[in-house]
Amino acid sequence: MRKLLITMSALALGAMPAAGIAQTMTPEQVGAAPMSGTPSENYAAWAADSDKYEIQSSRIALTKSKSDATKAFAREMIADHTTTTKALMAALPKTEPKVKRPPSALSEPNAAKIAALKAADADSFDALYMQQQAEAHRAAWSLHKGYSTDGQDPALKQVADSAVPIIEKHLAHLQSAPGGM
């Protein structure tokens with residue numbers, strides 16, 4: 001019996017992706033196509049705006065959500081998107097031609113999403129937050145996956161390459177959440 005349990009455990013572990021190895025999602029799995037032809041300046045601005053939205057919306061989730069699972073997801077969003085922001089900012093001085101630092105203010109669409117989260121009542125907050133996260137992560141995947149494929153700047157392309165598996169991890173969490181994406 002013990003051998004059977006060990007064998008079954010080994011088989012189950014072998015079927016799981018190794019930690020740290022990225023699962024590559026297809027556009028069909030994500031529900032978005034990679035964005036192509038994005039200029040480096042736009043990539044940097046849009047990636048920074050996406051990260052700012054993820055961090056700000058997730059900070060709101062930590063205070064308004066009733067769900068421990070949603071709060072855990074929000075903490076992951078804050079940690080991971082802080083990391084991707086740092087990578088982006090570190091890459092900017094290496095760009096050729098130089099890409100300027102993105103604006104510090106959120107774009108109008110993301111500011112409107114933040115306002116909606118702040119205005120949401122406690123009973124509808126979690127559903128709205130998770131819906132916004134799904135939309136934001138599909139858009140982020142499209143941006144980063146596209147730039148990692150055909151981006152012109154090597155430093156920013158490296159940022160995009162490293163962001164894609166992080167976003168795919170978030171998408172997988174969103175897909176497996178109650179109600180899915």
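Not measured: the values here are computed from a predicted model. (Residues numbered from 1 in each chain as written. Predicted model: local features only at pLDDT ≥ 70, side-chain atom pairs only at ≥ 80, totals over all residues. Heavy atoms only, no water.)

1. Quick notes on the nonpolar core
Next, step 1: Counting 17 residues, the largest nonpolar core has Tyr53, Phe73, Leu117, Phe125, Tyr129 and Met130 as the members making the most contacts within it.
Next, step 2: Put simply, the parts of the chain that give this core at least two residues each are helix 3 (40-64), helix 4 (68-91), helix 5 (108-119) and helix 6 (122-150).
Next, step 3: Residues contacting Leu117, with those up to four places away along its chain left out, are Tyr53, Ser57, Ile60, Lys64, Phe125, Leu128, Tyr129 and Gln132. (Core = buried A, V, L, I, M, F, W, Y, C linked by side-chain atoms within 4.5 Å. Buried < 20%, exposed > 50% of the residue type's maximum accessible area, 1.4 Å probe, protein only. Helix = DSSP H or I, 4+ residues; strand = E, 2+ residues; numbered from the N terminus. Contact = heavy atoms within 4.5 Å.)

2. Quick notes on the packing of aromatic side chains
Next, step 1: Under the counting rule described, the total for this entry stands at three aromatic pairs.
Next, step 2: Between Tyr43 and Tyr147, the ring centres sit 4.3 Å apart and the planes meet at 20°, which makes this aromatic pair stacked. Taken as a pair, Tyr43 in helix 3 and Tyr147 in helix 6 lie far apart in primary sequence, 104 residues in all. The burial state of Tyr43 is the same as that of Tyr147; both residues are buried.
Next, step 3: Aromatic pair Phe125 and Tyr129: ring centres 5.9 Å apart, planes at 10°, arrangement stacked. Of this pair, Phe125 and Tyr129 both sit in helix 6, separated by four residues, roughly a single helical turn.
Next, step 4: An aromatic cluster is defined as three or more aromatic residues linked by ring pairs; in this entry it consists of Phe73, Phe125 and Tyr129.
Next, step 5: Looking at Lys113, its charged tip hangs above the ring of Tyr53, at a distance of 5.3 Å from the centre. (Phe/Tyr/Trp six-rings, centres within 6.5 Å; stacked < 30°, edge-to-face > 60°. Lys NZ or Arg CZ within 6 Å of the ring centre and 35° of its normal.)

3. Quick look at the environment of Gln152
Next, step 1: In this structure, Gln152 sits in the loop between helix 6 and helix 7 (154-176).
Next, step 2: It is 9.8 Å that separates the C-alpha atoms of Gln152 and Thr95, two residues lying 57 residues apart in sequence.
Next, step 3: Each residue touching Gln152, except ones within four places of it in the same chain, is listed here: Ser40 and Tyr147.
Next, step 4: Of the polar contacts made by the side chain of Gln152, one reaches the backbone oxygen of Asp150; its length is 3.1 Å. (Polar contact = N/O pair within 3.5 Å; in protein donor to acceptor, adjacent residues only side chain to side chain.)

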